[in-house]
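Observations on chain architecture
Here are the chains, one letter per residue:
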Amino acid sequence: MSQTLSQKLSGRFIVLDGPDGSGKSTQIRLLAEALSGAGAEPMSVRDPGGTAIGDRIRQILLDRENNEMSVECELMLYMASRAQLVSQVIRPAMERGQCVLSDRYISSTIAYQGAGGMSAGDVRAVADVAVGGLWPDLTIILDIDPEDAFGRIATRVDSAGPGLDRMEMKALSFHKQVRRMFLEQARQ
C-alpha cells in the first residue's frame, strides 16, 4: 500500500533558503498552498522570528541603527531566536505530524555570518546546541545573482514596502560572498 503525500510528509522539516531577494517567501507560500491542496497539513515559519521572543530578537538583528553589531553577536542572536522557534513552534508541530516549512534556518547563518568571517564548523557547533540537534530533512537553496536580488529588493521597497534592513544594506561584495557560501553548501 502506498503512502499518501500527507503520510510521507508527516513530521518532516523542510527549509527554503538563499540570499535576500531570491524568492524564499513566495516559494514557501506556493509550496504550502500546494501541500494543503494535496491533503498535507503544512506549517510555515520564518527564521529569525516566529515567536514573541524571536520577533523581538529579529527587530534587534535587522534594525539599521545596530550597524556596529559584531558577527559573533549576530550569531548568538540568530541562534537564540532559532532556539525559541524550535522549542515553541517547530518541534511541537512536527510531533503533531505537521510538515514544517521554514523560510531560512541554519544554512542562512552559515552563509551570512560565514561571509562575515565565522567558520561553518563554529556555526554548526553553536547551532547544534541551540536547536537541540534538530536539522532539516531537506534544505532547498534558491540562487540569484546579487545584482538581480538588489533589483527585486528595491522594487519591494519602492512599492511602499519597508526600507532596507541592516543585512540588506551591506555592500554588494558581502552579498556576493553570501551567495558563494550558499552555493558551497548546495555543493556539499
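Here the structure is a predicted model, which means the values were calculated and not measured.

Ordered in space as E2-E3-E1-E4, the four strands form an open sheet in which the pairing is parallel. Edge positions in the sheet fall to strand E2 (42–46) and strand E4 (138–141), since each has one partner strand and no second. Strand-to-strand, the axes of this sheet are offset by a mean angle of 20°, without reference to chain direction. Where strand E1 (residues 13–17) lies against strand E3 (residues 99–103), four bridges are found, and the strand directions are parallel. Residue pairing for E3: Val15 is matched across the bridge by Ser102.

Along the chain, the position of Ile110 falls in helix H5 (residues 106–115). Expressed as a C-alpha distance, the spacing of Ile110 and Phe182, which sit 72 residues apart in the sequence, is 8.0 Å. Setting aside residues no more than four positions away along its own chain, Ile110 makes contact with Ala115, Ala120, Val123, Arg124, Met181 and Gln185.

The next subject is the side chain of Glu74. Relative to the helices and strands, Glu74 is located in helix H4 (residues 71–95). By relative accessible area, which is 3% here, Glu74 ends up buried. Excluding residues that lie within four positions of it along the chain, Glu74 makes contacts with Leu61, Met69, Gln113, Arg166, Met167 and Lys170.

Quick look at the packing of H4 against helix H6 (residues 120–130) now. Running from amino to carboxyl end, H4 crosses H6 at an angle of 30°, the nearest separation of the two axes being 9 Å. Comparing the axis directions of H4 and H6 gives the class roughly parallel. The two elements H4 and H6 meet at a crossing, and its hand is right-handed. Across the interface between the two elements, Leu75, Met76, Met79 and Ala83 of H4 pack against Val123, Val126, Ala127 and Ala130 of H6. For the contact of H4 with H6, the class distribution of residues is eight nonpolar, no polar and no charged.

Moving on to the layout of surface pockets. In this structure, the second largest pocket encloses a volume near 200 Å³. Around the second largest pocket, the lining residues are Tyr105, Ile106, Ser107, Ile110, Arg124, Trp135, Pro136, Thr139, Ile141, Gln185, Ala186 and Gln188. Looking at the lining of the second largest pocket, the elements with two or more residues in it are H5, E4 and helix H8 (172–187). Considering every element that reaches the lining of the second largest pocket, the biggest residue donor is H5, with three residues.

The next subject is the pattern of salt bridges. Taken as a whole and assessed by the stated rule, the structure comprises 10 salt bridges. Here Asp47 makes a salt bridge to Arg82, at a shortest N to O gap of 2.6 Å. Of the two residues, Asp47 sits in the loop between E2 and helix H3 (52–62) while Arg82 sits in helix H4, which places them 35 residues apart along the sequence. For the pair Asp47 and Arg82, a shared accessibility class is recorded, and that class is buried. Close ionic contact of Lys176 with Glu147 constitutes a salt bridge, the shortest N to O distance being 3.5 Å. With a gap of 29 residues between them, Lys176 in helix H8 and Glu147 in helix H7 (residues 146–158) connect regions that are remote in the sequence. The class of Lys176 is partly exposed, set by a relative accessible area of 34%.

Of note, the amide linkage connecting Asp47 to Pro48 takes the cis form, showing an omega dihedral of 5°. Along the chain, Pro48 turns up in the loop between E2 and H3. One non-glycine residue, Arg104, lies in the positive phi region at around 90°. Classification of Arg104 by relative accessible area gives buried; the value is 11%.

Thresholds applied
Residues numbered from 1 in each chain as written. Predicted model: local features only at pLDDT ≥ 70, side-chain atom pairs only at ≥ 80, totals over all residues. Heavy atoms only, no water. Pairing = 2+ DSSP bridges. Helix = DSSP H or I, 4+ residues; strand = E, 2+ residues; numbered from the N terminus. Axes fitted to C-alpha atoms, helices over the stretch in contact; angles between N-to-C directions. Contact = heavy atoms within 4.5 Å. Buried < 20%, exposed > 50% of the residue type's maximum accessible area, 1.4 Å probe, protein only. Parallel < 35°, antiparallel > 145°, perpendicular 65-115°, else oblique. Left-handed = near helix turned anticlockwise from the far one by under 90°. Nonpolar A, V, L, I, M, F, W, Y, C, P; charged D, E, K, R; others polar. 1 Å grid on protein atoms, 1.4 Å probe; cavity = no way out; pocket = protein on both sides within 12 Å on 5 of 7 lines; lining within 4 Å. Points joined across faces, edges and corners; volume = space filled by probe spheres on them. Salt bridge = Lys/Arg side-chain N within 4 Å of Asp/Glu carboxyl O.

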